[in-house]
Structure formats: C-alpha cells, structure tokens
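Per-entry structural report
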Amino acid sequence: MPGPRSSSEPRPAPDTAGDVIRWAAFSCVLVPVVLVWYGTSLAGAAGAALGLAAVTAACRVLLRRSERCAERCAAQRGGRHTRGKTPVD
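Now for a quick tour of the structure. Note that this is a predicted model, so its numbers are computed, not measured.

Turning our eyes to something else, we now look at helix 1 (residues 16-37). When the terminal C-alpha atoms of helix 1 are compared, their 31 Å separation across 22 residues agrees well with the 32 Å that a helix rising 1.5 Å per residue should span. Taken as a whole, helix 1 has its buried residues at Ala 17, Gly 18, Ile 21, Ala 24, Cys 28 and Pro 32. Looking at the packing, one finds that the buried side of helix 1 touches helix 2 (42-77).

Position of Thr 56 among the secondary structure elements: in helix 2. A polar side-chain atom of Thr 56 sits 2.8 Å from the main-chain carbonyl oxygen of Leu 52. Not counting residues within four places of it along the chain, the set of residues in contact with Thr 56 comprises Ile 21, Ala 24, Ala 25 and Cys 28.

Rules behind the numbers
- Residues numbered from 1 in each chain as written.
- Predicted model: local features only at pLDDT ≥ 70, side-chain atom pairs only at ≥ 80, totals over all residues.
- Heavy atoms only, no water.
- Helix = DSSP H or I, 4+ residues; strand = E, 2+ residues; numbered from the N terminus.
- Expected span 1.5 Å × (residues − 1).
- Buried < 20%, exposed > 50% of the residue type's maximum accessible area, 1.4 Å probe, protein only.
- Contact = heavy atoms within 4.5 Å.
- Polar contact = N/O pair within 3.5 Å; in protein donor to acceptor, adjacent residues only side chain to side chain.

Quick look at the structure:
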C-alpha cells in the first residue's frame, strides 16, 4: 500500500471538460430511452437524440478550444501569478 503523497508532488489536473462531455453523452442515450418509455414515438426520440448529440459535439469543441486558449495564455504570461502584489495560494 503506497504511503500518503508528499506536498511537493503535483496533483494531476482534473479533466473537467472530459467529465462534462461524458455526462452529456450519457444523457444523449438516457433521454431518448426515457422519452420512449413515456410514450414518445421512436422518431421523436431519435430527433431528440440527434439534437442532443449536436449540442454535445458543439460544446465539446468549445470546451477544448477554451482549454487550449487558457493553456496558451498561461504559458505566455509565465504562470498563474505575474504581479508582485498578487497573493500566492
């Protein structure tokens, strides 16, 4: 059993965009199933699934683009804190 992590080891950054996309993909499957369960036609449920998939794909593109931009901006500024008056976490 490994011991506790030392505070000097950096923690891996959570993949929040990936989590959002996984939940969205899950809803793309769950929503049509629920719609059919409650009596919506298969065509209506398929239309809802396609609409959700399109929105999910667009959100994924925007989230990944935002992450790349944030990484690039942080690298250009030389890190998180650039001013001497900014407190350090």
